[in-house]
Structures are given as C-alpha cells and as structure tokens.
Amino acid sequence: MAYDILILGGGPAGLSAALNARARGRSALVVSTPLEENPLWQAEKVDNHLGMPSLSGAQLLTAMRRHAEHAGAAFLEGRAVSAMRLEGTWYVSVGTEMENAKAMVLASGILRGKKFPGEAEFLGRGVSYCATCDGMLYRGKSVVVAGYSDSARREADFLAQIGCHVTYFHRPESLVIQGGNQVERVIVGGESVEAQGVFLLRSAMAPTDLFPGISMEGNFVKVDRKMATNLPGLFAAGDCTGGPLQVSKAVGEGLIAGQSAAAFAAALMRKK
C-alpha cells in the first residue's frame, strides 16, 4: 500500500510526526520494533515533559501510541533494511515487505555502537541484517545471530525452523567476522564459531547505511529548521539529530518533521 508519509521509529519523535501528518490529512505508516524495546520504556519516571508529570516511560509511550492510533496512523512492526528514492517516491523494504511513500521521517533514535570488524567487508557475502529476507540462503548451513532485542530471538527461531543451524548471542559487546570470499567464522568474546552466515539484528540501521549520501554532523543527522535532511523528501527528528536527548525535544521535532513531510507530500500531489 502506498502512503503519503512513512515514519521510521515509534518513539516520541516518530509518534509526534505521525500525529501531525494525520492532522494535515495525510496517510502515515509508522515502522518500528515493539514499544517494549524502546529505551524509554525502561524509565521508572519521566518528570520533565510538560503537562505529563511523574509518568513512567511505559505509561508515556503507551499514551503517545494510543493518540497516534486514534488519529488514524497505521503501524507495521519490523526494521527497515534498505531505502531508495525513485521518480519522486521513497521505497523501503521492511523484512520481506516493500512499502512506499511520498515523504519520509527518520526517527529511529541513536544507533549505539560501531560496526564490528569484518561487518562492512562481508556485507552481502555472509553478513545480513534481516533473517526473514535472507534466511533461505542459509538453509542447512551454520549461522550466527547477534541479537539486541526480543524480536531478534524470534528471527533466530525462524532461522532454526527453516533448517539453519543457529548459534545465538544476546547483545555481544565484541564480535569479529572472518573469512575469505565468504564468511567462514565469527569470534564472539574469544569464542570462535564456524559459520557461513551472520545475522546482525540491531533495533535499527545506521542512517548512513540506510540512506547513502545523507549529511551528518558527527554521529547525528544534519537537518535544517524544518527538520529536512539533504535528501529530497527525507526529514529527521528526535535523538538521531542530536541533543538534548529529551522527550520534549523529540516531540517538538517530530511535530515539525510531520508538518514538513505533509507539506512536501502535498506539493508533489499538486504537481501531478
């Protein structure tokens, strides 16, 4: 299904963007991992968001999600693994699904941690970011799964169900990928595992991997006052644009990004 606006991230920034896109009559799809995997969910008390004192992170996120749902935003659980813009439309693959929209809002938060040694070198030669996309390529083979969420465990179970021999590591801090033309082994915490494939299942991909050519300022996405990036039709909001890393800042930027994306989509429609 085609949408006016596709939003990557279901935290305060993404939900605010969805709400404001809907307020301007635009269809909006939010792609995110489950609410329970958002770092804010673990906060015992959030006391600095105006008008909503002493709520837990879980209560705050739940209220925001319900508001966006009530406004008519659509939701898809998953992770975006690739994106491209073609003839004025953004196309994003989410697992095995392909979604498209006239404009996008990146609100995926901060990707913590650098790439592992060998990750970039073996991408497409044994390294994958999506079990449901590439799992059948490794049927009957040994694979390593490095998971950073509960949903990652489900993807590891999927690989086992289709016939892969899975070794699972939960949130490994160190990992090295080695091989010749293809992945041959993975070293995790000093343990060497022979494998033909390795699935790195993070909560989100780095902006520079998902959107080649996007302008960055250090580790953060560079935006203007309308939350626009340097890529046409792509806006960004929340922690991915830098500090302060606060809910109120994320909600405010999400509002602007949602409005800007709605205006961009409307302008495209007027040209047709």
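Just above sits the structure.
Residues numbered from 1 in each chain as written. Predicted model: local features only at pLDDT ≥ 70, side-chain atom pairs only at ≥ 80, totals over all residues. Heavy atoms only, no water.

Caption draft 1: Geometry of the nonpolar core. Counting 39 residues, the largest nonpolar core has Leu8, Leu200 and Phe211 as the members making the most contacts within it. Here Phe211 is in contact with Leu8, Ala83, Trp90, Met104, Leu106, Leu231 and Leu234, once residues within four sequence places are set aside. Residues Ala28, Ala73, Ala257 and Ala262 belong to the second largest nonpolar core, which totals 29 residues. (Core = buried A, V, L, I, M, F, W, Y, C linked by side-chain atoms within 4.5 Å. Buried < 20%, exposed > 50% of the residue type's maximum accessible area, 1.4 Å probe, protein only. Contact = heavy atoms within 4.5 Å.)

Caption draft 2: Expanded view of the packing of aromatic side chains. Considering all chains together, one arrives at three aromatic pairs under this definition. Relative to Phe199, the ring of Tyr138 lies with its centre 5.6 Å away and its plane at 80°, an arrangement referred to as edge-to-face. Taken together, the residues Tyr138 in the loop between helix H3 (131–134) and strand S8 (142–147) and Phe199 in strand S13 (residues 197–201) connect sequence positions 61 residues apart. Overall, the relative accessible area of 0% leaves Phe199 in the buried class. Stacked on the ring of Phe75, the Lys or Arg Arg65 has its end atom at 3.8 Å from the ring centre. (Phe/Tyr/Trp six-rings, centres within 6.5 Å; stacked < 30°, edge-to-face > 60°. Helix = DSSP H or I, 4+ residues; strand = E, 2+ residues; numbered from the N terminus. Lys NZ or Arg CZ within 6 Å of the ring centre and 35° of its normal.)

Caption draft 3: Region of interest: the pairing of strand S11 (residues 183–188). Bridge count for strand S10 (residues 175–179) against S11 is five bridges, and the pairing is antiparallel. The residue bridging Gln178 from the neighbouring strand is Arg185, located in S11. Counted along the chain from S10 to the antiparallel partner S11, the turn is three residues long. One ladder, built from four bridges, connects S11 with strand S12 (residues 191–194); its direction is antiparallel. Paired with Val188 across the bridge in S12 is Glu191. (Pairing = 2+ DSSP bridges.)

Caption draft 4: Just the pattern of salt bridges, in detail. Considering all chains together, one arrives at nine salt bridges under this definition. In this structure, Glu155 engages Arg79 in a salt bridge whose closest nitrogen and oxygen atoms are separated by 2.6 Å. Of this pair, Glu155 sits in helix H4 (residues 150–161) while Arg79 sits in the loop between strand S3 (74–77) and strand S4 (80–86), and the two are 76 residues apart along the sequence. For Glu155, a relative accessible area of 13% gives the class buried. Note that Glu184 is salt-bridged to Arg185, the shortest N-O span being 3.4 Å. (Salt bridge = Lys/Arg side-chain N within 4 Å of Asp/Glu carboxyl O.)

Caption draft 5: The environment of Gly126, seen in detail. Mapped onto the elements, Gly126 comes out in the loop between strand S6 (97–106) and strand S7 (127–128). We classify Gly126 as buried; its relative accessible area is 1%. Residues Gly126 and Ala195, spaced 69 residues apart in sequence, show a C-alpha to C-alpha distance of 8.9 Å. With residues up to four places along the chain from it excluded, the contact list for Gly126 reads Tyr138, Gln182, Val183, Gln196, Gly197 and Val198.

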